[in-house]
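Take a look at the letters that make up each chain.
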Amino acid sequence: MSKSPQRIRGTQDIFGEDADRFQTVVAAFERVRRLYGFRRVEMPVFEATQVFARSIGETTDIVSKEMYSFEDRGGDSLTLRPEFTAGICRAYLSEGWQQYAAVKIATHGPAFRYERPQKGRYRQFHQLDAEIIGAGEPAADVEIIAMGAQLLGELGIGERIELKLNTLGDPATRDAWRDALVEHFRARQKDLSEESRARLEKNPLRILDSKEHQDWPIVDSSPVVDDFLTPDAADYFGRVTAGLDAAGIKWTRDPRLVRGLDYYRHTAFEFVTEDLGAQSAVLAGGRYDGLIESMGGPHTPAVGWAAGIERLSMLIEQPGATGMDAALVPLGEAAEAAAVRIAADLRRAGIACEMAYRGNMKRRMQKANASGARYAIIVGDDELARGEAAVKDLQTGEQRSVAIDRLAEAVRGG
RNA sequence: GCGACCGUAGCUCAGCUGGUUAGAGCAUCGGUUUGUGGUACCGAGGGUCGCGGGUUCAAGUCCCGUCGGUCGCCCCA
């Protein structure tokens, strides 16, 4: 069918309603981010591979199979960002952002993962991202979760999404819980699914969110993190939940919600929905106090989240048409020249208007209608001679003559 | 990397057990109407039926391969 170039697998050309949805999500994020005092930053799309590899752990499948890595002409290994957090932490260290600590940062843009595309998963996808770096207080966790909750609320999808919350505790908690889980699963290994038996060696915590029914009883009877929480860790989590309650944010405890990587501490959370096929998380994050240290920096507490713009876009109501206020319909060359000036004046006055590049009156009226414009401004020789134009309300069909220098108020006034 | 389903016009699809020049709606362009859209009518352009091979007198239709898509598994920082 085609010798012409095709879209690369897992990429998207976002247009029309999809583009409107995307913009709606981004606009809501920008609004909410300001309300919470997060500074907007712009980050590189690629980093040295080490930035991601070191933070994730060199041996995992993620690094070997899921990253878009390549060599530049100097032979350095670079990687398209698979997420924002690692790059932001790198900048925190390399650009001296430590002087602004505790710093609240928000950004959004494309990220890249070499995965098999499916519903809500793309190779180039788009994320919203919020981080608080340099704050180890529970109030930071509360604030960043509240920000996520408010975003979902403003997008009108708060009711269909549940906040699941857990704590991984401090390193002592985490290690003790992990050991107990491994022991529990190893003792019941023969009853586990094939997938989970493999996970037992590679990433035992992931057995907790196995999709295999046969694993569920074993998961349900597994030790919960609460039994291993140190007094400090329990106190920390108590302050986070108290803060959420004070902020009026509904949450559900999920004592088996986990994060696979070692640098996660304390709070872990996911806003989840049933409406996205095999994907459930729309906004997820947690506290990652160990990350910056693992990148070679000083111990630095931090908490953050990321959300998939495409997933949010799929969940929101269809945005209202972003129609034009008016469409110019000139009749003849002289009128067209006059209409160009009228359009320029209207736009300077803040009226969204446009004029078709070609076509007879009928065609231009069709275009005016299709543009969603409330009014057609018909400019013909008779009207021009009188310094007027015909303003037609495309909803009611009513039409009246308006002086050209009063068009802006006529259109604005309704 | 694995599995299931699907590839026919720009888009959404129809095409019965293989059988004459491959269809519809929408979209595009033109006309009915050289100053009136959203509802009407007439017409036009647009397809090597994803690609390659095979079976057959005959393949869009059946078989194999391949590429692409969708959904799921794995993974999910």
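Computed from a predicted model, the values in this text were never measured in an experiment.

**Q** So what's going on with the domain arrangement of chain A? Which residues, and what values?
**A** In terms of domain boundaries, chain A breaks down into domain 1 (16–170 + 230–315) and domain 2 (326–413). Placing the centre of domain 1 and that of domain 2 at their C-alpha centroids yields a distance of 48 Å.

**Q** So what's going on with the sheet that holds strand β12 (residues 326–330)? Residues and values would help.
**A** The strand order across the open sheet formed by 5 strands is β13-β12-β14-β15-β16, and the pairing between neighbours is mixed. Looking along the sheet, the strands with just one partner apiece sit at the ends: β13 (353–355) and β16 (399–403). Strand after strand, the sheet turns through a mean of 30° between neighbouring axes, direction not considered. Strand contacts of helix α12 (residues 333–348): β12, β13 and β14 (375–379), with the helix running at about 160° to β13, the strand carrying the most contacts. Contacts between helix α13 (residues 361–370) and the sheet are confined to β12, β13, β14 and β15 (388–393), with β12 contributing the most and set at about 175° to the helix.

**Q** Break down unusual backbone geometry for me, with residues and values.
**A** Of note, the bond from A101 into A102 is cis; its omega dihedral lies within 30 degrees of zero at -10°. Mapped onto the elements, A102 comes out in the loop between α4 (85–94) and β5 (103–112). At H266, a position not held by glycine, the phi torsion is positive, near 55°. Turning to its location among the elements, H266 is positioned in strand β9 (residues 265–272). For H266, a relative accessible area of 11% corresponds to the buried category.

**Q** Explain the protein's contact with RNA strand B to me, using residue names and the numbers behind them.
**A** The local shell around RNA strand B holds 40 residues, among which R199, R206, N369, E383 and L394 are the closest. For RNA strand B, the backbone makes up 51% of the atoms found within 4 Å of the protein, where backbone means sugar plus phosphate. K119 has a polar backbone atom sitting 3.1 Å from a phosphate oxygen of RNA strand B. Between RNA strand B and Y264 there is a distance of 3.0 Å, counted from a sugar or linking oxygen to a side-chain nitrogen or oxygen. Tallying contributions element by element places α13 first for the surface near RNA strand B, with 6 residues.

Here is what the cut-offs are and how they apply
- Residues numbered from 1 in each chain as written.
- Chains lettered and ligands numbered in written order.
- Predicted model: local features only at pLDDT ≥ 70, side-chain atom pairs only at ≥ 80, totals over all residues.
- Heavy atoms only, no water.
- Domains from an automatic or database assignment.
- Pairing = 2+ DSSP bridges.
- Helix = DSSP H or I, 4+ residues; strand = E, 2+ residues; numbered from the N terminus.
- Axes fitted to C-alpha atoms, helices over the stretch in contact; angles between N-to-C directions.
- Contact = heavy atoms within 4.5 Å.
- Buried < 20%, exposed > 50% of the residue type's maximum accessible area, 1.4 Å probe, protein only.
- Near = heavy atom within 4 Å.
- Polar contact = N/O pair within 3.5 Å; in protein donor to acceptor, adjacent residues only side chain to side chain.

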